[in-house]
Amino acid sequence: MKLSHFNFNLPKELLAEFPAENRDESRLMVIDRQKQTIEHKMFKDVINYFDDGDVLILNNTKVFPARLYGNKEKTGARIEVFLLRELNSEQRLWDVLVDPARKIRIGNKLYFGDDDSLVAEVIDNTTSRGRTLRFLYDGSYEEFRNKLTELGETPIPKYINREVTAEDAERYQTIYAKEEGAVAAPTAGLHFSKHLLKKLEIKGVNFAEVTLHVGLGTFNPVEVEDLSKHKMDSEELIINQEACDIVNEAKAKKKRICAVGTTSMRAIESSVSSQNTLNPYEGWTNKFIFPPHDFSIANCMITNFHTPKSTLLMMISAFCGHDLMKKAYDEAIKEGYKFYSYGDAMLII
């Protein structure tokens, strides 16, 4: 398959600017791969597709407020600094993106907060927009991290063309988020309310938690026609023994194992044993899943509607079957489903 197979026209009005009023009341398209059928439901109806002993694999990463606005020394120019990852906690070194990048050179200082209580010095260039910053702050590490949280904004994706609201801090986060480290939310999980998770639990559905810290690379469109030439950014991944036991037991019993989101799917596909069971893992993954691909663990997935030419769309094609996915996307556009992070969801069984 080539990149051109993953292009489609998405009307601008289908871009979700805000989340549904209630998490579990977005729309749900249900795709049955065996029957080749497409049904239209509400997200809360997802409970009807799971039974005792089935497993949902959840990515419990937590989004941190990664977008800061500072002022450049002398000129006072407003600069956006997007925190990507911490490189060294003792030296307070961070890998960041800056905008506008052309103004920011090695040796420049940036000041944050109304009282300039946080200062950063540019110590290296990494890419055209990438920089390494050393933060200068009088206080303990914990106080420094609290300061970043206080000054940072929820990093809603750039294509959501509006100011961040107080609501975003809660809604651009899954309710089961625990391990801080993502700069983008694993959005399929945003549809689960506390109430819905409780109902699933009462029904006997088990939850296996993995941690994949979603990076900005998740939004990078593919730019090479030959998909095998595309390089994914690496993201940190942790799968513990407890999650493996839950998943492997369900697999042995031929239960439904559902990856909630492309990040959960990428996580589990990054750590498969030779017996096609899930192995514990701690490290980094740059796994890129595109057709054709044999999925080893999950036989079901929940996902949002994705952008043209994105790696996420390619994974869905591999899991769903390309023609059925195309049919589903055509129908989604015709029926006015909302796309992207705050959009509607799809269940593929």
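The rules behind the values
Each chain carries its own residue numbering, running from 1 in the direction its sequence is written. Whole-chain, interface and lining totals are the exception, using all residues; otherwise, since this is a predicted model, local features are given only for residues with pLDDT of at least 70 and side-chain atom pairs are given and counted only at 80 or more. Heavy atoms throughout the structure, all of them, feed into the side-chain values; hydrogens and water do not. Secondary structure elements follow DSSP: runs of H or I of four or more residues count as helices, runs of E of two or more count as strands, with numbering from the N terminus. Throughout this description, buried means an accessible area under 20% of the type-specific maximum (1.4 Å probe, protein chains only), exposed means over 50%, and partly exposed covers the range between. Contact definition: two residues touch when any of their heavy atoms are within 4.5 Å. We define a salt bridge as a contact between a side-chain nitrogen of Lys or Arg and a carboxyl oxygen of Asp or Glu at a distance within 4 Å. Note on pairing: two strands pair once DSSP finds at least 2 bridges between them. Axis lines are fitted to C-alpha atoms, over the contacting stretch for helices. Their N-to-C directions set the angle, which ranges from 0 to 180 degrees.

Asker: What should I look at first to understand the environment of Asn-7 in this one?
Answerer: Looking at the secondary structure, you find Asn-7 in the segment before β1 (27–32). Judged by its relative accessible area of 44%, Asn-7 falls in the partly exposed class. Spatially, the C-alpha atom of Asn-7 lies 41 Å from that of Arg-92, the residues being 85 residues apart in sequence. Beyond its immediate chain neighbours, meaning those up to four positions away, Asn-7 contacts Pro-308 and Lys-309.

Asker: Help me understand the pattern of salt bridges, please; the structure alone is not making it clear to me.
Answerer: Here the idea is simple: oppositely charged side chains can pair when their charged atoms come close. The tally for this structure, following the rule as stated, stands at 13 salt bridges. The shortest N-O distance in the salt bridge between Lys-44 and Glu-25 comes to 2.8 Å. Taken together, the residues span a long stretch of sequence, with Lys-44 in the loop between β2 (37–42) and β3 (55–59) and Glu-25 in the segment before β1 at a distance of 19 residues. For Lys-44, a relative accessible area of 35% gives the class partly exposed. Residues Glu-167 and Arg-171 are paired through a salt bridge, measuring 4.0 Å at the closest nitrogen-oxygen approach. One end of the pair, Glu-167, and the other, Arg-171, are both in helix α2 (residues 166–171), four residues apart, so they sit about a helical turn from each other. Through salt bridges with shared partners, a single network forms among Arg-67, Glu-80 and Lys-158.

Asker: Would you mind showing me how to read the sheet that holds strand β14 (residues 257–260) here?
Answerer: The pairing of strands in a sheet comes from backbone hydrogen bonds and takes either a parallel or an antiparallel form. As summarised here, the arrangement of the nine strands in space is β2-β1-β17-β16-β14-β3-β12-β13-β15, forming an open sheet in which the pairing is mixed. With partners counted over all chains shown, the strands left at the sheet margins are β2 and β15 (281–285), one partner each. This sheet shows a mean twist of 20° between the axes of neighbouring strands, independent of strand direction. When β14 meets strand β16 (residues 300–304), the two strands line up parallel, connected through three bridges. Counted as the bridge partner of Cys-258 is Cys-300 from β16. Each of β3, β12 (206–212), β13 (235–239) and β14 is contacted by helix α4 (residues 241–252), which is oriented at about 135° to β12, the strand it contacts most.

Asker: How should I be thinking about the side chain of His-191 in this particular structure?
Answerer: Looking at the element boundaries, His-191 is found in the loop between β11 (179–182) and α3 (194–202). Taking the relative accessible area as the measure of exposure, His-191 reaches 4% and is therefore buried. Non-local contacts of His-191, meaning those with residues more than four positions away in its chain, are made with Arg-23, Asp-24, Ser-26, Phe-43, Leu-196, Asn-304, Gly-343, Asp-344 and Ala-345.

Asker: Teacher, can you tell me more about the pairing of β14 here?
Answerer: Each regular strand carries side chains that alternate between the two faces of the sheet. Neither face of β14 is exposed, since Ile-257 and Ala-259 on one face and Cys-258 and Val-260 on the opposite face are all buried. Bridge analysis of β3 against β14 gives three bridges, and the strand direction is parallel. Residue Val-55 lies in a different strand from β14, and its bridge partner there is Ile-257.

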